[in-house]
Every structure is written in structure tokens, then in C-alpha cells.
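Coordinate inspection notes
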Amino acid sequence: AGNVLLEDIHARRMRRSWAYMFQRRKDRMQYIGLYKRKQGVKWLPQLNKEEQATLQQLDEKLSFEDVVYFRSLADAELKKESLNAERRAEYEKSLQKNKKGIFGSWFGPKQTKEEEEQQRKALEAAPTIELSSEQREEIYRTIGYEDVVADIQE
């Protein structure tokens, strides 16, 4: 009974160590990347044999809870990436459709209201960058924008 208690304490202490956290993060990043590629989406390359073996090893190494959690994270990333891929495809399609020469705006045919509306929608659907509040604050600090925001709020 004493050995079981000592093993439990050792396992808990190990889970709180920096080395364990670093290894878990490394495994998470690798697992999510491989799992997303395994799903067969068109914008990511397929897994080769070596990568499939690595994914299988990670499946065996990680706990059931970690595998479920990492897969849910990967699915969420794939969902976000698919929305961005659709927006990007629409944007590129509109750019190809509206491609004109240098003097096309002077001598070419005028756009109808429908074409102008489609072009406006395409520009609205252009890919956007989403930043976390920490990333936004870091950018503001870098360019010195934080002082301006503080002055406006006062």
C-alpha cells in the first residue's frame, strides 16, 4: 500500500514538472498536425507511412483523455481553416473574374451594379486575421499605440 501511495505522489509530481509539460505540448502539437493531415482535407498533404506510424505511436503513448482532447482541438482548427479556405477561394475567384489590364478601367466596359455588388461582397469575404488580446496588446506595445488608446479613454 505504501508503494502505491509513493507511485501516486511521484506521478502527480511528474505531471507538474516543466519537462512533462514541455513534452506534452510537443506531443499535442505533433498529434494535432498529424491528425489534421489524416482527415484528408485538400489543403494539407496526405500522411506517408512514417507519419502514420508516428501517429499510431502517439495514440498508444497518450492517455485516452489526451487523445480525445487533442482530436477535438484538431477538429476545431480544421473547421476554422475550412471557413478561411472557402473565403480565400471566393476572393481569388472574384479577383480572376475582375482581372483587367492597365487601361481596362479607362477603355473597358463599365461595371453593372450587380458586378459592383459582387465585387463589394468579395472584398468583404477576403481572408481576415484574428488576433488574441495578448497578440493585439503586443502589437500595440511594439508600435506605441497603447499611449493613444489610454489618452482616448481618459
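Residues numbered from 1 in each chain as written. Predicted model: local features only at pLDDT ≥ 70, side-chain atom pairs only at ≥ 80, totals over all residues. Heavy atoms only, no water.

Structural notes on the overall build of the chain
Inclusion rule: Helical segments are the DSSP runs of H or I of at least four residues, strand segments are the runs of E of at least two, and each set is numbered from the N terminus. For the exposure calls, accessible area comes from a 1.4 Å probe over protein chains only, and a residue counts as buried if that area is under 20% of its type's maximum, exposed if over 50%, partly exposed in between. Any two residues whose heavy atoms approach within 4.5 Å at even a single point are treated as in contact. Note on areas: these come from Shrake-Rupley sampling with a 1.4 Å probe, and a residue is covered only by the protein chains present in the view.
Broken down by element type, the chain carries 8 helices and 0 strands. When its helices and strands are written in sequence order, the chain yields α-α-α-α-α-α-α-α. Residues counted as buried form 16% of the 154 residues belonging to the chain. Considering only residue pairs separated by 6 or more positions, the chain has 63% of its internal contacts joining residues 24 or more positions apart. A total accessible area of about 13000 Å² is found for the chain, and carbon and sulfur atoms account for 55% of it.

Quick look at a nonpolar patch on the surface
Rules: Patch criteria: residues need more than 30% relative accessible area and no salt bridge. Like-charged residues are merged within 9 Å; nonpolar side chains of Val, Leu, Ile, Met, Phe, Trp and Tyr are merged within 5 Å. Note on definitions: salt bridges are taken to be side-chain nitrogens of Lys or Arg within 4 Å of carboxyl oxygens of Asp or Glu.
A cluster of nonpolar side chains, namely Ile 129, Leu 131, Ile 139, Ile 143 and Tyr 145, defines an oily patch on the protein surface of about 510 Å² accessible area. You can see Tyr 145 is positioned in the loop between helix H7 (133-143) and helix H8 (146-153).

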